[in-house]
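Below are the chains, spelled out letter by letter.
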Amino acid sequence: MDLVVIIAIVAALFLVIGLSEPLAAKLRLPYSVILAAVGIAIGAAATFFWRTDLTDALNPVALAILNLPIRSNVFLYVFLPTLVFQVSLGLNLRRMLDDWVPVLVLAVVAVVVATVVIGFALLPFAGLPLAACLLIGAIVSTTDPSAVVSIFRATPAPQRLARIVEGESLLNDAAAIALFGLFVGFVTVGAEDPDLLAGLMRFPWIVAGGILAGAVAARVAVEIIARMPAHPLGQISVSVALPYLTYIGAEQLNASGVIGVVVAGLTLNLLAPGRFSPALTANLRDTWDLLAHWAGSLIFVLAALLIPRLLSDVRAFDLVLVGIVVLAAFAARAAILFIVLPLLTMVRLSPKVERPYRVAILWGGLRGAVTLALALAVTESRLVPPDIKRQVGILATGFTLFTLIVQGTSLRRVIAWLGLDKLSPLDTALGNQVIAVALQTVREGVAETARDFGLNRDIVRDEAKRFGERLDVAVRRADGMEDILDRDRITLGLVALAGRERDLILEEFRQQVIPAELAERLLAGADRIIEATRANGRTAYRAAARANLATGWRYRAAEALHNRAGLGRPLARLTEDRFDMLVTLGMILPDLHGFINDRIRRIHGRRVADLLHELLDRRAEETQKELEGLRLQFPGYAEMLERRLIRRTTLRLEEREYDALTEDGLIGPELRATLGDEIARRRGTLAARPTLDLKLQKSDLVAQFPLFSDLDASSRKMLAKRLRTIYVPPGEVILHRDGIPRQVWFIASGAVETVTAGTKHRLGRGEMFGQLALLARMRRRTQVVAITHCTLLALDEARFRTLLEKSAPLRRAVVDSAARRGVKLDPALFAKAGGTSGTAAALALTVAEAKAEAKVEAAEAEAALALPEPEAATAASTRPEKTTAEPASSAAPLPDTPAVAAQGDTPAEPELLPEIPAAAVPAAPEESTEPAEPEPAEAQDPLSAGRG
């Protein structure tokens, strides 16, 4: 065929594509229906003019159209990878991962159910082997969600529902094509019935091989693209090559090329925000949106051109078989929507889908290009028997035509019949009120503009009268509606507030203040809040906001890896992400108060606005509390992130000022380009987030721990190597009753609660527990539970005994903890239990010093009571200060963790003692045997002031 003719036909096809979109909008029909109709019309016209004797003038054009090199390989190797890759690249992957259970179940179960139901429904009537019937079922089980998703996005349907339908369709195509490749093999070898065992042996490799090929190819492409940041066109070119190379490579491995392309797109989608610039990510998606639009349109038109040829040998009984396929497909789809989906909702794995939406999904399951492409691949194969090729071509094409002509043209009417195109009464009432408020604001602005411009008074007065009439109508309409309940106003206000939060996140991202990966996480959190609030109001808003602050199973798994296997990088990475999120939220949330005052108050009133202020304050307090907890666990890291955020904000303001000077003509484009390069260089240095070094954090914690203050630098360095850092989430039991003591625990940050014989004590930062039970070598009678996120330092028995001999503050902490609990400490007990003579002697000396100091304090207290007040004050002022710094064990407890005393007796015998916390909260006076010493000012922990 002449090259000029081919170029002319392709150009004409692009013209048809361009005109079909406005035509579909005008006729209110799905775009795919218009494309299919145009393709069928072109194919039928070409066939008519080639065969007619009326004229020969159009024969060259008709022959060129009929002889277009349209083969199944064109669809499978050119168009299909483009469509699948664009969908997987454009998905909101982080949000889809929240719904991976319903997406995966609906995709896999829907394909399997449709394939089996259609295959066995055809078996008694088609006269084909079971493998051929199942092949037809796999071909027609793919769905095109574009029509339904576009309608859902234009109606008040939940965003989560549209996301599930999109994700289900993507994996639906991959699973259906994988089954297609499986059953084609059975048909081509001539087997009457498929060997299920052989199929099951092949299918895992079809899936696993595609996943492996896609993941490897995408990671290689990401590395290549990331290493050429100065060449954006080259980066986009590499991304264009990725899906096609992946598809071909997977097919060469006898795996699923479609699954490989899906995985490649999802991998690129997941890795791009952290490796690519925001501009490159936007360019990639724009490019692939255009390529997919062209590919999807061409595949519909070209496939529709083949429909007259595929239906050239249709018979009357074939229409009966098409009807069987239609009924079976509807039954299979209905089983998924009305049985499987409600079951997933019952177990809370899927959002509740109302019946009208399920009916819309059922009727909107159009088939299209993928079904025709797979049918064409069978009809062109020389290894498939002719009767199977004929039946596959006719049934797949007939079923596709039914969905496009019957379902596609009536989908809008079905949506209207279900009432999905109408606003709810609440939205209608709110809309009328918003219009009235907006028109009042516009009237004020128009009046001010007229005064500023000095317009003619008569004209201004006449136009103001007209506008006032319109405003009166809007006010009467708003007053005529039923009043909106405060509960609904609060819900609407919270939804608007979360929407504004989303806008602020996008604004900070566009200004390059926050990176793309962080912006995606924050946007996903804002979307969760919006969806939850729409469904369940204020309670759901608070629950969703708290869920966004929760650590989740990934964080707990990373903590377990660190605590048990010593692998700290996953925990450090997730902690960096958490720090980044909390710092940014702390910057964004205060700005929402202005939105409440400027917008929400005018629409919903002062009472609702005040309540939203209160909810927002609580959320900000919870965010700051989580951030302060992390500051205590990892001191210094939050400050680095805040400095980085301030520097990025400074660069944004500096760039904005240069742009303003350029627009005013004060600086030229050459100077602006030079300044822009400098800003880009500095912004590049800030792109890399500071790394959280857990080992360095442990050294800092040891250096700041008061109990180790008398150790020299080398001893503290050696101790830091011996200590084991343990990160514990709230609610986790650290020590169980009746356990054998093997180590001592030092609280570097957080708070724990000890329970002994019904008595509860809370311990905070700078304190220790487990020491007495270990020294006495008795089974523990105390249970210790974390009540906040804690960072603990654990030291084994041998090293603790050695440290006890060296550190006087540590020995004093052991004695003081026993004294405050009313426990008589016998140093000989520790010596008999295996302690060294040095340890016993040191403890004995510490006990004697404590008793002597207690006697002196008691005598001074009695003397002070006997003296008049002026003399008592003089005596107190002349009292000598201690030379030994008070250890952290005598520091005051955390402000939010007061001691909680329950009913129960404290054991009196030393051998029955449980482990005694080193700095338990002082017991009640009647339970104490020795008076507590006043805390010297110099003994306070320098970091305790920041604890909350």
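Use the structure listed above.
Residues numbered from 1 in each chain as written. Predicted model: local features only at pLDDT ≥ 70, side-chain atom pairs only at ≥ 80, totals over all residues. Heavy atoms only, no water.

A.B. asks: Got a minute to help me understand the overall build of the chain in this structure?
C.D. replies: The helix and strand tally for the chain stands at 36 helices and 8 strands. Put simply, the chain has 948 residues, and 48% of those count as buried. Long-range pairs, those at least 24 residues apart, make up 81% of the contacts in the chain between residues at least 6 apart in sequence. (Helix = DSSP H or I, 4+ residues; strand = E, 2+ residues; numbered from the N terminus. Buried < 20%, exposed > 50% of the residue type's maximum accessible area, 1.4 Å probe, protein only. Contact = heavy atoms within 4.5 Å.)

A.B. asks: Looking at this structure, I do not really get the nonpolar core. What am I missing?
C.D. replies: For soluble globular proteins, nonpolar side chains are generally found buried alongside one another. If you look at the biggest cluster of nonpolar residues, it comprises 95 residues, and the most contacted ones within it are F85, L122, L135, I139, V258, F276 and V392. In terms of residue count, the dominant contributor to this core is helix α9 (residues 159–188) (14 residues). Apart from residues no more than four positions distant in its own chain, L135 is found in contact with F180, F183, V184, V187, V378 and V392. (Core = buried A, V, L, I, M, F, W, Y, C linked by side-chain atoms within 4.5 Å.)

A.B. asks: It is not clear to me how the sheet that holds strand β4 (residues 752–756) should be interpreted in this structure. Could you clarify?
C.D. replies: Sheet architecture is open: 4 strands sit in the order β2-β7-β4-β5, paired in antiparallel fashion. In this open sheet, the two edge strands, each paired with only one partner strand, are β2 (733–735) and β5 (759–763). Shown here is a sheet whose adjacent strand axes are inclined to one another by a mean of 30 degrees, direction ignored. Direction of pairing for β4 relative to strand β7 (residues 782–786): antiparallel, over a ladder of 5 bridges. Pairing of T756 across the sheet is with T782, part of β7. (Pairing = 2+ DSSP bridges. Axes fitted to C-alpha atoms, helices over the stretch in contact; angles between N-to-C directions.)

A.B. asks: Please explain the packing of aromatic side chains as it appears in this structure.
C.D. replies: Two measures describe an aromatic ring pair: the distance that separates the ring centres and the angle between the ring planes. Scanning all chains against the criterion turns up 5 aromatic pairs. With 5.1 Å between their ring centres and 80 degrees between their planes, Y77 and Y247 make a pair best called edge-to-face. Of this pair, Y77 sits in helix α4 (residues 72–90) while Y247 sits in helix α11 (residues 232–252); the two residues are 170 residues apart in sequence, bridging distant segments of the chain. Under the relative-accessibility criterion, Y247 is labelled buried at 5%. (Phe/Tyr/Trp six-rings, centres within 6.5 Å; stacked < 30°, edge-to-face > 60°.)

A.B. asks: Would you explain the pairing of β7 in this entry?
C.D. replies: Within a regular beta strand, the side chains point alternately toward one face of the sheet and then the other, so they alternate between its two faces. Burial analysis of β7 places 4 of its 5 residues in the buried class, the great majority of the element. Both β2 and β7 contribute to a ladder of 2 bridges, which runs antiparallel. Bridging from a neighbouring strand, L735 pairs with V784 of β7.

A.B. asks: In this structure, what is going on with the side chain of R333? I would like to understand it.
C.D. replies: With respect to the element layout, R333 can be found in helix α15 (residues 316–346). Looking at R333, the relative accessible area reads 12%, which means it is buried. In this structure R333 touches A110, E168, I361 and L362, once residues within four positions along its chain are discounted.

A.B. asks: How should the pattern of salt bridges be read in this particular structure?
C.D. replies: Tallying each qualifying case throughout the model produces 21 salt bridges. The salt bridge involving E622 is made with R546; its shortest N-O contact spans 3.2 Å. Residue E622 is found in helix α26 (residues 606–633), and its partner R546 is found in helix α22 (residues 516–549); the two are separated by 76 residues along the sequence. One salt-bridge network, in which partners are shared between bridges, spans E655, D659, R672 and R683. (Salt bridge = Lys/Arg side-chain N within 4 Å of Asp/Glu carboxyl O.)

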